[in-house]
Amino acid sequence: MKPVPHATSLRRAPVQRRSAERLTRILDACAELLDEVGYDDLSTRAVAVRAGVPIGSVYRFFGNKRQMADALAQRNLERYSERVTQRLKEARRGDWRAAMDAVLDEYLAMKRTAPGFSLVDFGNQIPVGARHAEPNHRVADRLTELLSGYLGRTPDSDLRRTFLIAVETADTLVHLAFRVDPEGDGAVIEETRQLLRAYLARVLD
C-alpha cells in the first residue's frame, strides 16, 4: 500500500522566528473562530483581526480559508504525534496495548480540548460533514512510523494496513461516540477500545 503524501498548504514557509510566531497566531485564531462561528462563516479577514495581524500577513501564508483549515489539520497531526510519542516514553517498550491506549486516549483528549479540532481534526471534516479517506491514510502512515520501532516490527505494508484498518474503525466509532454525547459517550468509547484490542491482538500478539 503506497503511503499518501501530505503537501503543505502554506504559500510560503516562515523563515524567521517572527514569521513563525505570526503563523502560529494565525492558526490559533483560525482554530478559535472555527469553534465560535463554524467553517462556513469563517473568513480570512476575521482571522487576521483575531490574530492581530494585517490581512496581507494571512495571504502571505494562505490563499483562502480552506488552505488555513488544511494547515491547522496538519498542525493537529504534528501535535498529536508529539503527544503519542511522549506517552510511549512512559510505557514499557513493545507493549502494543499501552501504545493503542496512547493512540486512542490522546485523540480523545484533543477531540475534547483542542480548539477547532472537532471540525477539522486531521483534515477529514472540511467541508463540514465530508469524510475523505486520505487523512486517515496519513494518520496510518504516521502511526506506522511512530510505533514500528516501539513494537519491534518492520514498518511494511502489512503493518500499515493493520494501522489503517484500526484508524478507520476508531474514526467511525469515535465520531459515533461524539454524536451520542458532545463529550464522547463513555460506553461507545469503551466498546471501541475493546474492539481495537481484539483486532490488534490477532495481528500483534
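Heads up: these notes are all about the structure in this document. Computed from a prediction, not measured in an experiment: that's the story for all the values here.

### Notes on the packing of helix α1 (residues 17-37) against helix α2 (residues 44-51)
Where α1 contacts α2, the axes come no closer than 8 Å and their chain directions differ by 115 degrees. For the pair α1 and α2, the sense of crossing is right-handed. Contact residues: α1 offers R25, I26, A29, C30, E32, L33 and E36, while α2 offers A46, V47, R50 and A51. The residue makeup of the contact of α1 with α2, split by class, is 7 nonpolar, no polar and 4 charged.

### Overview of empty space enclosed by the protein
The gaps of empty space that remain are located by a probe, the size of a water molecule, rolled over the atoms. Scanning the entire structure with this criterion turns up 1 cavity of 30 Å³ or more. Approximately 340 Å³ is the volume found for the largest cavity. As for the largest cavity, its lining consists of 24 residues, and the residues nearest its centre are Y80, V103, L143, V167 and A170. Secondary-structure elements contributing two or more residues to the lining of the largest cavity are α5 (96-113), α7 (134-151), α8 (157-180) and α9 (186-204). Tallied by class, residues from the lining of the largest cavity come to 20 nonpolar, 2 polar and 2 charged.

### As for α9
In this model α9 runs 26 Å from its N-terminal to its C-terminal C-alpha over 19 residues, within 8% of the 27 Å that 1.5 Å per residue would give. By the burial criterion, the buried members of α9 are V188, I189, T192, R193, L196, Y199, L200 and L204. The buried side chains of α9 occupy one side of the element, clustering within an arc of 140 degrees when seen end-on. Exposed and facing more than 90 degrees away from the buried side of α9 are A187, E191, A198 and R202. Packed against the buried residues of α9 are α5, α7 and α8. The residue sitting at the N-terminus of α9 and contributing the capping side-chain oxygen is D185; that oxygen lies 3.3 Å from the backbone nitrogen of A187.

### Some words on the nonpolar core
In terms of nonpolar packing, the biggest core is built from 34 residues, with Y80, F122, L143, L147, L151 and L200 touching the most fellow members. Broken down by secondary-structure element, the contributors of at least two residues to this core are α4 (65-89), α5, α7, α8 and α9. Dropping the residues within four chain positions of it, F122 is found in contact with A73, N76, L77, Y80, Y107, F117, P135, R138 and V139.

### Quick look at the pattern of salt bridges
Tallied over the entire structure, the rule returns 18 salt bridges. Two residues, R50 and E36, come together in a salt bridge whose shortest N-O distance is 2.8 Å. With R50 in helix α2 and E36 in helix α1, this residue pair connects regions lying 14 residues apart in the sequence. Under the relative-accessibility criterion, R50 is labelled partly exposed at 36%. Take E36: its relative accessible area is 52%, and that puts it in the exposed class. For R161, the salt bridge identified is with D158, shortest N-O distance 3.1 Å. Here the residue R161 and the residue D158 both occupy positions in helix α8, the gap between them amounting to 3 residues, near one helical turn.

So, how was this worked out
- Residues numbered from 1 in each chain as written.
- Predicted model: local features only at pLDDT ≥ 70, side-chain atom pairs only at ≥ 80, totals over all residues.
- Heavy atoms only, no water.
- Axes fitted to C-alpha atoms, helices over the stretch in contact; angles between N-to-C directions.
- Helix = DSSP H or I, 4+ residues; strand = E, 2+ residues; numbered from the N terminus.
- Left-handed = near helix turned anticlockwise from the far one by under 90°.
- Contact = heavy atoms within 4.5 Å.
- Nonpolar A, V, L, I, M, F, W, Y, C, P; charged D, E, K, R; others polar.
- 1 Å grid on protein atoms, 1.4 Å probe; cavity = no way out; pocket = protein on both sides within 12 Å on 5 of 7 lines; lining within 4 Å.
- Points joined across faces, edges and corners; volume = space filled by probe spheres on them.
- Expected span 1.5 Å × (residues − 1).
- Buried < 20%, exposed > 50% of the residue type's maximum accessible area, 1.4 Å probe, protein only.
- Arc of directions from axis to C-beta.
- Polar contact = N/O pair within 3.5 Å; in protein donor to acceptor, adjacent residues only side chain to side chain.
- Core = buried A, V, L, I, M, F, W, Y, C linked by side-chain atoms within 4.5 Å.
- Salt bridge = Lys/Arg side-chain N within 4 Å of Asp/Glu carboxyl O.

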